[in-house]
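Residues per chain are reported as follows:
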Amino acid sequence: MKVQYPILIEPGTDETAWGIIVPDLPGCFSAADDEADVLANAREAILLHLEDAETIPEPTSLAKLRDDPEYAGFIAGLVDVDLSAIEGPAKRINVTIPAGLLARIDAAARARGMTRSAFLSSAALREIGS
């Protein structure tokens, strides 16, 4: 399953590296000497952080972060993270779901730009984490 985590970037200078924090994962941070390495370093930091996590938190929207005064002056970005590196490869299963509920699931998944499988996985992760 793939998710997009927001990151906040503090621009580097000739003397300092680019700073990277992941607000949804307290204590998760990284740095990059070159701007071109920011996203790859952030992705690596996120995966390392999530390896030891009991639950995988839902990503916060960029709009919510943009309005938070704590993050004023940072550059916001999104990092695609493939959680199969942590959770293992996808496995095909058979489930039985009432037709009406399945139609609602499919409509909700389409509205979010997700596949049925991604939507159900996301809903399961939220439920397990609560």
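Caption draft 1: Examining helix 4 (residues 99–111) more closely. With 13 residues, helix 4 extends 18 Å between its outermost C-alpha atoms, agreeing within 8% with the 18 Å of an ideal straight helix rising 1.5 Å per residue. Within the sequence span of helix 4, burial applies to Ile105, Asp106, Ala108 and Ala109. Down the axis, helix 4 shows its buried residues gathered within 165 degrees of arc, on one side only. Exposed residues lying more than 90 degrees from the buried face of helix 4 are Ala99, Arg104, Arg110 and Ala111. Trailing helix 4 by a residue or two, Gly113 shows a phi angle of about 70 degrees, which is positive.

Caption draft 2: Just the nonpolar core, in detail. Counting 19 residues, the largest nonpolar core has Tyr5, Ile7, Val38, Ile46, Leu50 and Val81 as its most contacted members. Of all elements in the fold, only strand 1 (2–10), strand 2 (18–21), helix 1 (38–51) and strand 4 (75–82) reach the threshold of two or more residues within this core. It is helix 1 that provides the largest number of residues to this core, a total of five residues.

Caption draft 3: Just the sheet that holds strand 4, in detail. The sheet built from four strands is open, its strands ordered 3-2-1-4 with antiparallel pairing. What marks the edges here is a single partner per strand, and that holds for strand 3 (29–32) and strand 4. Sheet twist, expressed as the mean angle between neighbouring strand axes with direction ignored, is 35 degrees. Two elements, strand 2 and strand 3, share four bridges in a ladder whose sense is antiparallel.

Definitions and limits used
- Residues numbered from 1 in each chain as written.
- Predicted model: local features only at pLDDT ≥ 70, side-chain atom pairs only at ≥ 80, totals over all residues.
- Heavy atoms only, no water.
- Helix = DSSP H or I, 4+ residues; strand = E, 2+ residues; numbered from the N terminus.
- Expected span 1.5 Å × (residues − 1).
- Buried < 20%, exposed > 50% of the residue type's maximum accessible area, 1.4 Å probe, protein only.
- Arc of directions from axis to C-beta.
- Core = buried A, V, L, I, M, F, W, Y, C linked by side-chain atoms within 4.5 Å.
- Pairing = 2+ DSSP bridges.
- Axes fitted to C-alpha atoms, helices over the stretch in contact; angles between N-to-C directions.

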